Amino acid sequence: MSRKILVVGAGQSGLQLALGLQSNGYEVTLMSNRTADEIRSGRVMSTQCMFHTALQHERDLQLNFWETQAPRIEGLGVSVAAPGSHDPGPTQRAIDWVGKLDGFAQSVDQRVKMAGWMETFAQRGGQLVIHGAAVSDLDYFSRTYDLVLVSAGKGELVSMFGRDADRSPYSEPQRALAVAYVHGLGVRPEHPDYDAVRCNLVPGVGELFIMPTLTTSGRADILFWEGIPGGPLDAFRDIKNPSEHLALTLELMEKFTPWEYARATKVELTDANGTLAGRYAPTVRNPIGRLPSGGAVLGVADVVVANDPITGQGSNSASKCAASYLSSILDHGDKPFDEEWMQSAFDRYWDTAQHVTKWTNTMLQAPPEHVLNLIGAAGQLQPVADRFANGFNDPSDFENFFYDPEKTGAYLASVTA
């Protein structure tokens, strides 16, 4: 007797889980509020740069359909604007380096990936239901499925999962987010020989991230501002027009990161839906959602662990959560998916997710002196730059050299020696 599982939400985690369960013989129903065509022709949903471990989870399920087309991102660069440098006049970088990744990263526009995966799920015989699920729907479905997984990270369904105050230090958004997908960006002249994600830090103002991606119209780049709320980058709230959004993005680049603006003078939007702006409070929630009837559902990925995108971990965490839950489901055999199992499945995922949450919440704060020393040292010591870059793939390593001033000092001394 095959076990019946309902997955609600067709993002990175929901689709990866649905396809993984399907390939292991489960009877899977996937609920999406949009068709594949609506996703493909709709608005961009995210920025995403997936590092080696997350990409490997996709390869393990043979879902890496775009690996040969998407740019291979082989480095991660950090630039820090010099104090006072965003006054009129030439802007200097106090810090500028690039670390090499041990395994390449890639970014595929989620419109491309989610639409393609959804079609694959249906072609392989999966039950695809196009319907925006409400809590009342889940009440009904929870009686007919062995397990209901909720991976729709926004809207009414999230309210079923209570906030975990001990693990959620912020009650308000810590950044205002603004994304533009563009064609026509030039290369960084100092490192033209390979693709890298660029993290530009403007102390007290915010961050600009630039990442190569594959979108619906081919190779592109993502320009992504994260502004401290109330500051000069928090200026996108009232902009409704995509061309105004791009113009403001570039104006802010010219003022705060002119070294990036210099290669952006000829860019244009990839499409009319290539911009996105918004904000949300980073939150960890209780993994078990309670239904009015008393039934229980299990939250997935950013339903239960939503981090700010400042460390680029969202799609990576979604992939890692899907892989962890898939293992927990397969290991459980034919035993009932009760609340004790749900909690244990989440706890297994939290073993890795906790490192992402700690690191991300730390990066939202003004960096302490020892972290500035570390980022500065990476400009002189390539092994430090490389280790920092590879922390984006495995954030648990930051425990060893990042948070504690003594560990940071000992690590830098060992590299210098």
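Within each chain, residues carry numbers counting from 1 in the order of the written sequence. Local features in a predicted model are, by the rule used here, given only for residues with pLDDT of at least 70; side-chain atom pairs are given and counted only at 80 or more, and totals for whole chains, interfaces and linings are based on all residues. Excluding hydrogens and water, the side-chain figures rest on all heavy atoms present in the structure.

Let's shift gears to the pattern of salt bridges. Between side chains of opposite charge, a pair can form when the charged atoms approach closely. The salt bridge criterion pairs a side-chain nitrogen of Lys or Arg with a carboxyl oxygen of Asp or Glu, the two atoms within 4 Å. Inspection of every chain in the model, using the stated rule, returns 19 salt bridges. As a salt-bridge pair, Asp37 and Arg40 come within 3.3 Å of each other at their nearest N and O atoms. With Asp37 and Arg40 both in helix 2 (residues 36–40), this residue pair falls three residues apart, about one helical turn. For the exposure calls, accessible area comes from a 1.4 Å probe over protein chains only, and a residue counts as buried if that area is under 20% of its type's maximum, exposed if over 50%, partly exposed in between. Looking at Asp37, the relative accessible area reads 54%, which means it is exposed. Each of Arg93, Asp96, Arg188, Glu260 and Arg263 takes part in one network of salt bridges that share partners. Under the DSSP-based scheme used, a helix requires at least four consecutive residues in state H or I and a strand at least two consecutive residues in state E, with every element numbered from the N terminus.

Residue types Ala, Val, Leu, Ile, Met, Phe, Trp, Tyr and Cys, when buried and joined through side-chain atoms within 4.5 Å, form a set referred to as a nonpolar core. Of all hydrophobic cores here, the largest spans 64 residues; its most connected members are Leu138, Leu149, Tyr325 and Ile329. The element best represented in this core is helix 9 (residues 339–363), accounting for seven residues. Discounting residues that sit within four places of it in the chain, Leu149 has contacts with Ile5, Leu6, Val7, Val8, Leu17, Leu21, Leu298, Val300, Tyr325 and Ile329. Core analysis: the second largest hydrophobic core is formed by 42 residues, Val44, Val80, Leu101 and Ile375 among them. Here a residue-residue contact requires only that any non-hydrogen atoms of the pair lie within 4.5 Å.

To continue, consider the packing of helix 8 (residues 314–332) against helix 9. Helix axes use the C-alpha atoms of the stretch in contact, all axes being lines fitted to C-alpha atoms, and the angles between their N-to-C directions lie in the range 0 to 180 degrees. The interhelical angle for the contact between helix 8 and helix 9, taken along N-to-C directions, is 150°, at an axis separation of 10 Å. The orientation of helix 8 with respect to helix 9, classified from their angle, is roughly antiparallel. Where helix 8 crosses over helix 9, the two elements pack in a sense that is right-handed. Of the residues in helix 9, those in contact with Ser317, Lys320, Cys321, Ser324, Tyr325, Ser327, Ser328, Ile329, Asp331 and His332 of helix 8 are Trp341, Ala345, Phe346, Arg348, Tyr349 and Val356. Under the scheme applied here, ten amino acids are nonpolar (Ala, Val, Leu, Ile, Met, Phe, Trp, Tyr, Cys and Pro), four are charged (Asp, Glu, Lys and Arg), and all others, including Gly, are polar. Of the residues that constitute the contact of helix 8 with helix 9, the class distribution is eight nonpolar, five polar and three charged. The scheme is simple: roughly parallel for angles under 35 degrees, roughly antiparallel for over 145, roughly perpendicular for 65 to 115, oblique for anything else. The crossing is said to be left-handed when, going from far helix to near helix, the turn is anticlockwise and less than a right angle, and right-handed when the turn is clockwise.

What describes a pair of aromatic rings is the distance from one ring centre to the other and the angle between the planes of the rings. Any two of the Phe, Tyr and Trp rings considered here, Trp counted by its six-membered ring, make a pair once their centres fall within 6.5 Å; the pair's planes then place it as stacked at under 30 degrees, edge-to-face at over 60, or tilted in between. Per the counting criterion, the structure on display carries 19 aromatic pairs. Taking the centre distance of 4.5 Å and the plane angle of 25° together, the rings of Trp359 and Phe398 count as stacked. Within this pair, whereas Trp359 is found in helix 9, its partner Phe398 is found in the loop between helix 11 (382–390) and helix 12 (405–416), the two being separated by 39 residues in sequence. Classification of Phe398 by relative accessible area gives buried; the value is 0%. Ring geometry for Phe401 and Tyr411: centres 5.2 Å apart, planes at 55°, overall tilted. Residue Phe401 is located in the loop between helix 11 and helix 12, and its partner Tyr411 is located in helix 12; the two are separated by 10 residues in the primary sequence.

This part takes up helix 6 (residues 242–256). One turn of the α-helix equals 3.6 residues, which is why residues spaced by three or four share an orientation. Here the expected span of a helix is defined as 1.5 Å times the quantity of residues minus one. An ideal rise of 1.5 Å per residue puts 21 Å on 15 residues; helix 6 measures up with 21 Å between its terminal C-alpha atoms. Buried residues of helix 6: His245, Leu246, Leu248, Thr249, Leu250, Leu252, Met253 and Phe256, and no others.

With that settled, the discussion passes to helix 1 (residues 12–23). Under the 1.5 Å per step criterion, the end-to-end length of helix 1 is 17 Å for 12 residues, consistent within 8% with the ideal 16 Å. Here helix 1 lies mainly inside the structure; 11 of its 12 residues are buried. Buried residues of helix 1: Gln12, Ser13, Gly14, Leu15, Gln16, Leu17, Ala18, Leu19, Gly20, Leu21 and Gln22, and no others. Following helix 1 by one or two positions, Gly25 adopts a phi angle in the positive range, close to 90°.

In this section: the side chain of Gln313. Residue position: Gln313 is located in the loop between strand 16 (305–306) and helix 8. Any pair of nitrogen or oxygen atoms within 3.5 Å is treated as a polar contact; in protein, a donor-acceptor pairing is required on top of that, and neighbouring residues in sequence qualify only through side-chain atoms on both sides. Only 3.0 Å separates the side chain of Gln313 from the backbone oxygen of Thr311, close enough to count as a polar contact. Once you skip the residues sitting within four places of it in the chain, Gln313 turns out to touch Phe51, Val356, Trp359, Phe392 and Pro395.

Attention now moves to unusual backbone geometry. Backbone geometry places Gln62, a non-glycine residue, at a positive phi of 55°. If you trace the backbone, Gln62 turns up in the loop between helix 3 (52–60) and strand 3 (73–81). Phi angles above zero are rare outside glycine, and Ala301 is one such case at about 50°. Inspection of the secondary structure puts Ala301 in the loop between strand 15 (296–299) and strand 16.

Structurally, Glu226 is set in strand 10 (residues 218–227). Of note is the side chain of Glu226, whose polar atom sits 3.2 Å from the backbone nitrogen of Ile310.

Below, the discussion takes up the sheet that holds strand 14 (residues 288–290). Strand order in the open sheet formed by six strands is 5-2-1-6-15-14, and the pairing between neighbours is mixed. A single partner strand is all that each edge strand has here, and the edge strands are strand 5 (127–130) and strand 14. Recorded for the sheet is a direction-independent mean angle of 25° between the axes of neighbouring strands. Across four bridges, the pairing between strand 2 (residues 27–32) and strand 5 is parallel. Within strand 5, the residue paired with Thr29 across the bridge is Gln127. Running at roughly 160° to strand 2, helix 1 makes contact with strand 1 (4–8), strand 2 and strand 6 (147–150) of the sheet. Contacts from helix 8 reach strand 1, strand 6 and strand 15 within the one sheet, and its direction differs from that of strand 6 by about 175°. Should DSSP find at least two bridges between two strands, the strands are taken to pair.

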